[in-house]
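Next come the chains, spelled out residue by residue.
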Amino acid sequence: MASLKEILTRRPVAATIRLTVPAGGARPAPPVGPALGQYRLNLMAFCKDFNARTQKYKPETPMAVTITAFKDNTFEFTVKSPSVTWYLKKAAGVESGSGRAGHVVAGTVTLKHVYEIAKVKQSDPYCQYMSLEAISKSIIGTANTMGIKVVKELD
């Protein structure tokens, strides 16, 4: 239960905006500009802060961002690591998954790749309390639906 002080200091939310922006590549141009502009948010402040937070990733890595816009024209945002499908495609060296998953194999990844992806995804806010084993199982399931075969070791 929230205390009275928390309720009174809570700011009214105008919108929640979800974007996929390349790491270190936030500019006031589309898609960032129109999405934030319609809520009168400071574009340059977002771009500078986002680019600073995503410096450790390679450029052009797609980052998922959730921006909470408040009615007083301020904002907060959380940056999530790239999607599991992006990591799997990079690890398998394929452009896209199989059109017929289960019938046609698009590529292969090892359990070591899966483990490394799971370690990166564990830093995400939604996965931080999940075990490495649970995240790995989820990644293996995603790989199967993409038509990427998971093997113990590459031959």
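Reading the values: the criteria
- Within each chain, residues carry numbers counting from 1 in the order of the written sequence.
- Local features in this predicted model are restricted to residues whose pLDDT is 70 or higher, and side-chain atom pairs enter the listing and the counts only when it is 80 or higher, whereas totals over whole chains, interfaces and linings include all residues.
- To obtain the side-chain values, all non-hydrogen atoms of the structure were used and water was disregarded.
- Interaxial angles span 0 to 180 degrees and are taken between N-to-C directions of axes, which are lines fitted to C-alpha atoms, for helices over the stretch in contact.
- Note on conventions: DSSP H or I runs of at least 4 residues are helices, E runs of at least 2 residues are strands, and numbering of each starts at the N terminus.
- Any angle from 65 to 115 degrees is called roughly perpendicular, while one under 35 is roughly parallel, one over 145 is roughly antiparallel, and all others are oblique.
- Here a crossing is taken to be left-handed if its near helix is turned anticlockwise relative to the far helix by less than a right angle, and right-handed if that turn runs clockwise.
- Pairs of residues are marked as contacts when any of their non-hydrogen atoms sit within 4.5 Å.
- Note on residue classes: Ala, Val, Leu, Ile, Met, Phe, Trp, Tyr, Cys and Pro are nonpolar, Asp, Glu, Lys and Arg are charged, and everything else, Gly too, is polar.
- As used in this record, nonpolar core signifies buried Ala, Val, Leu, Ile, Met, Phe, Trp, Tyr and Cys residues forming a set joined through side-chain atoms within 4.5 Å.
- Remark: exposure states derive from per-residue accessible area (1.4 Å probe, protein chains only) relative to the maximum for the residue type, with buried under 20%, exposed over 50%, and partly exposed in between.
- Note that the domain bounds were set by an automatic or database domain assignment.
- Each of two parts loses accessible area, computed with a 1.4 Å probe, when they are put together; buried area is these two losses added.
- Salt bridges, as used here, are contacts in which a Lys or Arg side-chain nitrogen is within 4 Å of a carboxyl oxygen on Asp or Glu.
- Pairing of N or O atoms within 3.5 Å defines a polar contact, subject to two protein rules: one partner must be a possible hydrogen donor and the other a possible acceptor, and residues neighboring in sequence count only if both atoms are side-chain atoms.

Caption draft 1: Spatial organisation of the packing of helix α4 (residues 84-92) against helix α6 (residues 132-146). It is the contact of α4 with α6, at a shortest axis distance of 10 Å, that shows an interaxial angle of 70°. With respect to their mutual orientation, α4 and α6 come out roughly perpendicular. Judged by the twist between their axes, the crossing of α4 over α6 is right-handed. When α4 is examined against α6, the residues V84, T85, L88 and K89 are found in contact with a partner set consisting of I139, T142, A143 and M146. Its residues assigned to classes, the contact of α4 with α6 shows five nonpolar, two polar and one charged.

Caption draft 2: Fine view of the nonpolar core. Formed by 17 residues in total, the largest nonpolar core has its most connected members in F46, F50 and I67. Of all elements in the fold, only β1 (13-22), α2 (32-37), α3 (43-53) and β2 (62-70) reach the threshold of two or more residues within this core. Of all hydrophobic cores here, the second largest spans 15 residues; its members include V94, A118, I139 and M146.

Caption draft 3: Representation of the domain arrangement of the protein. Taken as a whole, the protein is organised into domain 1 (11-81) and domain 2 (83-151). Contacts between the two partners involve five residues from domain 1 and, on the opposite side, seven residues from domain 2. Interface area, domain 1 with domain 2, both sides summed: about 560 Å², of which 57% is carbon and sulfur. Counting the surface domain 1 buries against domain 2, the share from its top three residues, P62, K80 and S81, is 73%. Linking domain 1 with domain 2 are zero salt bridges, by the criterion used here. Counting every contact that joins domain 1 to domain 2 gives one residue pair in polar contact (both at pLDDT 80 or more).

Caption draft 4: A look at the packing of helix α5 (residues 111-121) against α6. Orientation of α5 relative to α6, taken along the N-to-C sense of each, is 120°, at an axis distance of 9 Å. Put simply, α5 runs oblique to α6. Here α5 runs over α6; the crossing is right-handed. Mapping the contact onto sequence places L111, V114, Y115, I117, A118, K119 and K121 in α5 and L132, I135, S136, I139 and I140 in α6. Here the residues of the contact of α5 with α6 sort into nine nonpolar, one polar and two charged.

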